[in-house]
Amino acid sequence: MITLLLITASFWMVIYLLGQDFNDLLPLLASNGGMVHIPAEDLHARGHAFALRSWRVFAITLGVGALAASLFAWCTAKLILSSAHRLANTANRISAHALHERLAPENNIAELEPVARAFNHMLDRLQDSFTRLSGVSSDIAHDLRTPIHRLLMVAQVTLDRPRSAEEYRAVIESAVPTYERMGRMIENILFLARAESQQTAVHATLIPLEQRLGATATFFELLAQERGLELALEVAKNAQVWADDTLLTRATGNLLTNAIRHARPGSRVVLSGSVAPNGGCHISVSNEGAPIAPEHQTRIFERAYRVENPGVKETPGVGLGLAIVKSTMELHGGLVRVRSAPGYPTVFTLWFPPPPPRTPEAGPSRERISR
């Protein structure tokens, strides 16, 4: 841009000089009727003077332009470097204990604003992940500390004096449920870690929906009866779902466990399934109980997030069940939604995408040989 301005200014000055020489000839032309005779020496002198003035104009213009361009480049470089230094200083202050620090895009040049905003978005994601990871680690440590302390205390009391074989057996049997609960917790944590790192393989097949959901309902029917609940199954005939059988059973089992745990005594829990026109599948679990507040509905699928329910007397879980459901649906490319409002059942819905289109298998080509 500066080069174009310099060239334009130089041409303008040359034209200006030519105009001055022409203006010097106008009186002579006017006095001689438009005809004037200029001696060769005078013409040579005028040409030489014009060349000197032209070179002088070019030199001055180029010198001033070069000086202006250098000053402009220096100011631009200083501005860019000062913005880069500010970004670097802010980035150096960011650490695990100061993840709240952010770059200020408005204090930088326009070219660096997208970089600063992208860096801030990355910091937001890192801070959110770090906060959730710290919370999960704290919750898991707390949940593991209690059963381990209980087992240690029981073992110390048992070993305090000699006991009979029956007493030792009773102590071991009483510890088995605690070991099972700790094992499930560790297994769930490993599943979530593998799911987030895409290490869990999904072996999806077409599964008869009525058969799979029927087997799951049968497994939970006894638990529902113990709570005084009615477990109903509503599945469309000949419906199929494209999913991994193990992951599907785990997801629906987690939803039914929560539904039975939080259902109102004497109410009805419904496990339903249907197929959409595009081939996708909807699986829903509904129960009648205390509604989930709107501020909790957006967070209940996070790790170790638990909603305190005074109506539930049993020991709450570790808050990984719904997180596993969400990870399962993400592995399938599906969705999980919750709908809850006062006066209406709470409904959790899983949406599985339709099966991929089948590629036709190329059979052996047969050529007809004519004789």
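Reading guide: rules and limits
Residues numbered from 1 in each chain as written. Predicted model: local features only at pLDDT ≥ 70, side-chain atom pairs only at ≥ 80, totals over all residues. Heavy atoms only, no water. Core = buried A, V, L, I, M, F, W, Y, C linked by side-chain atoms within 4.5 Å. Buried < 20%, exposed > 50% of the residue type's maximum accessible area, 1.4 Å probe, protein only. Helix = DSSP H or I, 4+ residues; strand = E, 2+ residues; numbered from the N terminus. Pairing = 2+ DSSP bridges. Expected span 1.5 Å × (residues − 1). Polar contact = N/O pair within 3.5 Å; in protein donor to acceptor, adjacent residues only side chain to side chain. pLDDT = per-residue confidence, 0-100. Contact = heavy atoms within 4.5 Å. Axes fitted to C-alpha atoms, helices over the stretch in contact; angles between N-to-C directions.

## What to know about the nonpolar core
Nonpolar side chains in soluble globular proteins generally cluster together in the buried interior. Grouped together as the largest cluster of nonpolar side chains are 36 residues, with contacts concentrated most on Ile283, Leu350 and Phe352. Among the elements that line this core, the one with the most residues is helix α6 (residues 245–262), at six residues. Residues Leu247, Leu320, Ala323 and Leu331 belong to the second largest nonpolar core, which totals seven residues.

## Brief notes about the pairing of strand β6 (residues 335–339)
Burial along β6 is one-sided: Val336 and Val338 are buried, while Leu335, Arg337 and Arg339, pointing the other way, are not. Alignment of β6 against strand β7 (residues 346–352), held across five bridges, turns out to be antiparallel. When the sheet's bridge partners are listed, Leu335 is paired in β7 with Trp351. Hairpin connection from β6 to β7: six residues lie between these consecutive antiparallel strands, with Gly343 at a positive phi of about 90 degrees.

## Focus on α6
In this model, α6 (18 residues) spans 26 Å end to end at C-alpha, consistent with the 26 Å of a helix rising 1.5 Å per residue. Of the residues making up α6, those classed as buried are Leu247, Leu248, Ala251, Thr252, Gly253, Asn254, Leu255, Leu256, Asn258, Ala259 and Ile260. A side-chain oxygen of the first residue of α6 lies 3.0 Å from the backbone nitrogen of Thr246; this N-cap is Asp244.

## With respect to unusual backbone geometry
Although it is not a glycine, Asn238 adopts a positive phi angle of roughly 60 degrees. Along the polypeptide, Asn238 turns up in the loop between β2 (230–235) and β3 (240–244).

## Some points on the confidence of the model for the chain
Mean pLDDT over the chain works out to 78, with 72% of the residues at or above the 70 mark. Of the regions scoring below 50 in pLDDT, residues 362–371 engages in zero contacts with residues more than four places distant in sequence or in other chains.

## Some details on the sheet that holds strand β5 (residues 281–287)
With mixed pairing, five strands are arranged side by side in an open sheet as β2-β4-β5-β7-β6. Only two strands of the sheet have a single partner each, and these edge strands are β2 and β6. Neighbour-to-neighbour, the strand axes of the sheet open up by a mean angle of 15 degrees, direction not taken into account. Strand direction decides the pairing type here: β2 and strand β4 (residues 268–275), joined by six bridges, are parallel. The residue of β4 that forms the bridge with Glu230 is Arg268. In the packing of helix α8 (residues 321–332) onto the sheet, contacts are made with β6 and β7, and the angle to β7 comes to roughly 25 degrees.

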